[in-house]
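Descriptive structure summary
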Amino acid sequence: MIKLDRRAFLKGAGASGAACAFSGGLPGSIAAMGAEPLKGSATAVNSMCEMCSTRCPISARVVDGKTVFIEGNKAAKSFGGKVCARGGAGHSLLYDPQRIVKPLKRVGERGEGKWQEISWEQAYAEIAEKMQQIKQQHGAESVVFSSKSGSEHGYVFDLAKAYGSPNTFTHFSLCPGAYGVAAQVMFGTKVKRDLGNSKYIINFGHNLYEGINMSETRGLMKAQMEKSAKLVVFDPRFSVVASKADEWYPVKPGSDIAIALALNHVLIADNLYDKAFVERYVAGFEQFAAQMRDYTPEWAASLTDVSAKDIRRIAHELAKAAPHAVVDFGHRNTFTPEEFELRRAIYAANVLIGNFERKGGIYAGKKAKTYNKFAGADVAPSLAKPGVKIPSPTAERIDTYDKQFSLVASMGGVYQSILDTFETGKPYPIHGWIMARTNPMQTMTDRARIEKVLKGLDLVVACDLYISETAAYADYMLPESTYLERDEEIADKSGKNPAYYVRQQVVEVIGDTKPAWQIFRELGIKLGYQDYYPWDDIHTLQLAQVHKDYALLKRIKTEGYVSFGKPLMLREPKMVADFTAEFATAIAADDDGSYGSHLKFKTPSGKIELYSDTVEALVAGRGNIVFRDVTLKQPDELYFIQGKVAVHTNGATHNVPMLANLMSDNAVWIHPKTAAARGIADGDKIRLTSSAGSEEGKALVTKGIRPDTVFAYMGFGSKNRELTRATGKGIHCGNLLPHQTAPISGMCVHTTGVKLEKA
Ligand SMILES: Nc1nc2c(c(=O)[nH]1)N[C@H]1C(S)=C(S)[C@@H](COP(=O)(O)OP(=O)(O)OC[C@H]3O[C@@H](n4cnc5c(=O)[nH]c(N)nc54)[C@H](O)[C@@H]3O)O[C@H]1N2
Ligand SMILES: Nc1nc2c(c(=O)[nH]1)N[C@H]1C(S)=C(S)[C@@H](COP(=O)(O)OP(=O)(O)OC[C@H]3O[C@@H](n4cnc5c(=O)[nH]c(N)nc54)[C@H](O)[C@@H]3O)O[C@H]1N2
Ligand code: SF4
Ligand SMILES: [Mo]
């Protein structure tokens, strides 16, 4: 074992939980165990937030044994050394009396809320036995595994692989899947946006001042405040971003694609596009341009409620600000079944203005391997991937049963295909679900159907901090330590240059919880897969990651966030000049001062593909970016849309005391005309009914929403008995959304039609 500058944490502090008397509260909760003073480091520990999956670099310390003070890590400049309101509330989660700190076993019916505290040993033994049984009777592939991507998913997926199931799912199809798949198809890689240096930003419902991502939110702030960037926002709702925009257009829900296509039309028809860029780097332009011919602003206006004059002017302004301009490809891509085409159409407009690898445009991340190649030297260390390669299971995935989803399957999977497979038994019946850090009952769709699935399986295991709405249906609830109580492997945070950071334990473990790496490793070993877990400690793993470079590991742990070299964008001559001046061994710049000749794309053609043969082979007619009309609601219904609120995270934080105090309800936004027609006044009780379910809530009558649309912040209205601060407060979005999967991208669609009435 290695000894670094580790703080004086009690090893295996968890065991002390056993000595605690049951003194009221939920079984296995902190309340049941009785509060003890917090023990941990009083000097700042650099670590990583997990109040949302943005995972900002933080600096945290214990104050007087009572609380944890959390601020941003000042070394991480793009995050501004700041945390958001949720990030500052980590102590409230840590110390919440309702948090589960002992493994639990269900003793009543699934979802009935009857639990018994058990030991980890018993939990592992019983889960392993059941898993073996299912494997023997139905095959390992009949157990599905899911986890929000992040520190947990690797360990959960390793277990799946070792066990022999190909069915692993992240939250990909509930969130960024469409722009991920679209980028893969067009650029052969993920892309990022350089909002902070942009002079002109077109935003299609990217809710950055509420759906916070510290570095991107601060990037947008910087562009607006320091660069006088112009911001044009399309959102059916007057979001905070819309309120700070130069122009806001309350676009018809799900119709954005028509605007994106019309922008492309104008850029081509009015000769505003970057011909040199297109000639050099783009494949399929002819087919694409031919398709764009009919997508005029006049055509788009009739579909979107945005005037042709405005669309045309915006396209001209975008081209004028190019290349330091961007059409933002958003984050949560669940507005329409045509998400794949929408995100491709948005990328295409960026391609046409030639903003790739230009300041204020879009770019590919520069991890150590790429960066070092340009520098001609090992400027940044590369991380090793320690461990033993686990052979891939041979069974077919349940989502590639439909071949059009093969691209998504290789990224995060079509998570909600679990619902289809459970119902149809195709390609084979499923019998178990092992999940970590995911709460699909809130965050997928069709809550009632998920309940049916969970009740119908032979084994359900959930690893969470709370008895979440979904964990409430588990047979075994495995409590993970919060992010403030655990160490984890080093993570890559590279952007324009390589960067690493690491999560470190700030306080002693409260009760008997464990980090996910330990939970799934120990379960794996119980199942007999010890050969796949050659490391027995996270510090050994970290050391292997840095190729046993103690000094480097110490530096990453001390500074918390370490970046190497200076920012590089390949087509930005000033940056390339600075780069070549810095590194004597660097590749020489081209005649035009850029690294443009080195820009290659990992697509079949080696170019940016505006038309894709790969996609055409998956679904005939989808190779080109084509408009298809979709029906999101019936004529007598209103559009129902959702979004994030600044003080809560997805389906995760609504029971965290401090955040529940700030906001515990989600009143439904209703336009005054729509409300008046139904006799609804502000604050009235209302009912929303969709094809999937019905929910009662409160009305917020406001002009900040289209008359044909209602809006609610997501994550509220929990229906389980355990989360008392959130239960029954507000409307439950997942209960109103029917299950629908978008073509190619496999996205879960989060827009539907609802009927509204006074309750
Ligand atoms: N405070 C906070 N911050 C978060 C999160 C959180 O839960 N809370 N979650 C994090 C996560 S996981 C993510 S993915 C990001 C999400 O970041 P975003 O995707 O930016 O956030 P959302 O609020 O989901 O964005 C949806 C916005 O689109 C609008 N909208 C709905 N339908 C349409 C439509 O058809 N067209 C257009 N143009 N707009 C539409 C909504 O009104 C809303 O303003 O935020 C991250 N940061
Ligand atoms: N209707 C509707 N649905 C949506 C959205 C929407 O806007 N509207 N947004 C979508 C988006 S963008 C996303 S990303 C998904 C997110 O949905 P999910 O992937 O389900 O993620 P979260 O809701 O963020 O958190 C899930 C669970 O993680 C638990 N958790 C938090 N921290 C930890 C930890 O350290 N360890 C463990 N083991 N568990 C932890 C929480 O208690 C919670 O139960 O939701 C999507 N669903
Ligand atoms: S955006 Fe806020 S909650 Fe999310 S990781 Fe950053 S500080 Fe934490
Ligand atoms: Mo997300």
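Scoring rules and cut-offs
- Residues numbered from 1 in each chain as written.
- Chains lettered and ligands numbered in written order.
- Predicted model: local features only at pLDDT ≥ 70, side-chain atom pairs only at ≥ 80, totals over all residues.
- Heavy atoms only, no water.
- Buried < 20%, exposed > 50% of the residue type's maximum accessible area, 1.4 Å probe, protein only.
- Helix = DSSP H or I, 4+ residues; strand = E, 2+ residues; numbered from the N terminus.
- Pairing = 2+ DSSP bridges.
- Right-handed = clockwise from strand over helix to strand, strands pointing away.
- Axes fitted to C-alpha atoms, helices over the stretch in contact; angles between N-to-C directions.
- Arc of directions from axis to C-beta.
- Contact = heavy atoms within 4.5 Å.
- UniProt positions renumbered as here; feature names shortened; annotations may be inferred.
- Near = heavy atom within 4 Å.
- Polar contact = N/O pair within 3.5 Å; in protein donor to acceptor, adjacent residues only side chain to side chain.
- Areas by Shrake-Rupley, 256 points an atom, 1.4 Å probe, with all protein chains shown as cover.
- Nonpolar A, V, L, I, M, F, W, Y, C, P; charged D, E, K, R; others polar.
- Domains from an automatic or database assignment.
- Phe/Tyr/Trp six-rings, centres within 6.5 Å; stacked < 30°, edge-to-face > 60°.
- Lys NZ or Arg CZ within 6 Å of the ring centre and 35° of its normal.
- Core = buried A, V, L, I, M, F, W, Y, C linked by side-chain atoms within 4.5 Å.
- Salt bridge = Lys/Arg side-chain N within 4 Å of Asp/Glu carboxyl O.
- Parallel < 35°, antiparallel > 145°, perpendicular 65-115°, else oblique.
- Left-handed = near helix turned anticlockwise from the far one by under 90°.

Here's the deal with the pairing of strand β9 (residues 200-204)
Counted residue by residue, β9 has 5 buried out of 5 residues, so it is predominantly covered. Neither face of β9 is exposed, since Tyr-200, Ile-202 and Phe-204 on one face and Ile-201 and Asn-203 on the opposite face are all buried. As defined by bridge partners, β9 adjoins strand β10 (residues 230-234) across 5 bridges and the pair is classed as parallel. Bridged to Asn-203 within β10 is Val-233. Crossover β9 to β10 through helix α6 (residues 214-226) is right-handed. Strand direction decides the pairing type here: β9 and strand β13 (residues 325-328), joined by 4 bridges, are parallel. In the sheet register, Asn-203 faces β13, and the bridge partner there is Asp-328.

Digging into the sheet that holds strand β1 (residues 45-48)
The 3 strands are arranged β1-β2-β3 in an open sheet whose pairing can be described as antiparallel. Pairing within the sheet leaves two strands with one partner each, and these edge strands are β1 and β3 (67-72). Strand-to-strand, the axes of this sheet are offset by a mean angle of 40 degrees, without reference to chain direction.

Some details on unusual backbone geometry
Following Ala-322, the chain continues into Pro-323 via a peptide bond in cis, with omega recorded as 5 degrees. Residue position: Pro-323 is located in the loop between α12 (308-321) and β13. With an omega of 0 degrees, the peptide bond running from Lys-426 to Pro-427 counts as cis. Turning to its location among the elements, Pro-427 is positioned in the loop between α16 (417-424) and β15 (432-436). In this structure, Asn-271 is a non-glycine residue whose phi angle is positive, near 55 degrees. On the secondary structure map, Asn-271 appears in the loop between α8 (256-269) and α9 (275-281). Positive phi values are uncommon outside glycine, yet Asn-650 reaches one of about 35 degrees.

A few points about helix α11 (residues 297-304)
Of the positions making up α11, those classed as buried are Pro-297, Ala-300, Ala-301 and Thr-304. The arc enclosing the buried residues of α11, seen along the axis, measures out at 105 degrees, which places them on a common side. Buried positions along α11 lie against α8 and α12. Backbone geometry just after α11 places Asp-305 at a positive phi near 70 degrees.

Side note on the UniProt feature "domain: 4Fe-4S Mo/W bis-MGD-type" (unreviewed entry) in the chain
The feature "domain: 4Fe-4S Mo/W bis-MGD-type" (unreviewed entry), as annotated in UniProt, sits at residues 42-98 in this numbering. As a span, residues 42-98 carries 9% helix and 30% strand, and end to end its C-alpha atoms are 25 Å apart.

Some words on the site of ligand 1
Taken together, 32 residues form the shell around ligand 1, and within it Asn-207, Asp-256, Arg-332, Lys-644 and His-648 come nearest. Note that an oxygen atom of ligand 1 is positioned 2.8 Å from one of the side-chain N or O atoms of Arg-237. Within the side chain of Arg-332, a nitrogen or oxygen atom sits 2.6 Å from an oxygen atom of ligand 1. About the coverage of ligand 1: the protein hides 99% of its 910 Å² of free accessible area. Its residues placed into classes, the shell around ligand 1 shows 12 nonpolar, 12 polar and 8 charged. When residues of the shell around ligand 1 are sorted by domain, at least three fall in each of domain 3 (192-363 + 600-618) and domain 4 (638-758).

Focus on the packing of aromatic side chains
In this description, a pair of aromatic rings is defined by centroid distance and the angle of the planes. Scanning the model with the defined rule gives 32 aromatic pairs in all. For the ring pair Phe-187 and Tyr-347, a centre distance of 5.3 Å and an interplane angle of 85 degrees mean the geometry is edge-to-face. Of this pair, Phe-187 sits in helix α5 (residues 177-187) while Tyr-347 sits in helix α13 (residues 339-352), placing them 160 residues apart in sequence. Given a relative accessible area of 0%, Phe-187 falls into the buried group. Residue Tyr-347 is classed as buried on the basis of its relative accessible area, which comes to 0%. The structure contains a cluster of three or more aromatic residues connected by ring pairs, namely Tyr-179, Phe-187, Phe-277, Tyr-281, Phe-329, Tyr-347, Phe-356 and Phe-601. Positioned above the aromatic ring of Tyr-179 is the side chain of Arg-193, whose terminal nitrogen or guanidinium carbon lies 5.8 Å from the ring centre.

Structural notes on the nonpolar core
Ranked by size, the top nonpolar core spans 95 residues in total, and within it Phe-187, Phe-234 and Phe-285 carry the most contacts. Top element by residues in this core is α8. It accounts for 10 residues. Lining this core are residues from two domains, each supplying at least three of them: domain 2 (119-174 + 384-480 + 515-534) and domain 3 (192-363 + 600-618). Setting aside chain neighbours within four positions, we find Phe-285 in contact with Ile-268, Tyr-273, Val-278, Leu-352 and Leu-610. Among the nonpolar cores identified, the runner-up in size contains 37 residues, and Tyr-124, Ala-436, Leu-459 and Val-461 belong to it.

Considering the sheet that holds β13
Strands sit in the order β11-β10-β9-β13 across an open sheet of 4 strands; the sheet is parallel. In this open sheet, the two edge strands, each paired with only one partner strand, are β11 (247-249) and β13. The average angle at which neighbouring strand axes cross in this sheet is 10 degrees, direction not considered.

Let's talk about the pairing of strand β6 (residues 143-147)
A large share of β6 lies buried, amounting to 5 of its 5 residues. Residues Val-143, Phe-145 and Ser-147 point to one face of β6 and Val-144 and Ser-146 to the other, with burial holding for every one of them. Bridge count between β6 and strand β7 (residues 168-169): 2 bridges; the pairing is parallel. In the sheet register, Ser-146 faces β7, and the bridge partner there is Phe-169. As a crossover connection, the stretch from β6 through helix α4 (residues 151-163) into β7 is right-handed.

Let's talk about the pattern of salt bridges
Once their charged atoms are close, side chains differing in charge can pair, the charge on each being opposite to the other. Applying the stated criterion across every chain yields a total of 53 salt bridges. Between Asp-475 and Arg-106 there is a salt bridge, and its shortest N-O distance comes to 2.9 Å. Linking Asp-475 in the loop between β16 (459-464) and β17 (476-479) with Arg-106 in strand β4 (residues 104-106), this pair joins segments that are 369 residues apart in sequence. With a shortest N-O distance of 3.8 Å, Arg-628 and Glu-338 are connected by a salt bridge. Here Arg-628, found in the loop between α23 (613-618) and β22 (638-643), pairs with Glu-338, found in the loop between β13 and α13; they are 290 residues apart in sequence, far enough to count as distant. Of the residues examined, Arg-628 reaches a relative accessible area of 25% and is grouped as partly exposed.

Section: the packing of helix α3 (residues 120-138) against helix α19 (residues 516-526)
Axis separation between α3 and α19 bottoms out at 9 Å; the angle between their running directions is 55 degrees. Classed by the angle they form, the pair α3 and α19 counts as oblique. The chirality of how α3 crosses α19 is right-handed. Of α19, the residues touching α3 (which contributes Trp-120, Glu-121, Tyr-124, Ala-125, Ile-127, Ala-128 and Met-131) are Gln-518, Ile-519, Glu-522, Leu-523 and Lys-526. For the contact of α3 with α19, a count of residues per class yields 8 nonpolar, 1 polar and 3 charged.

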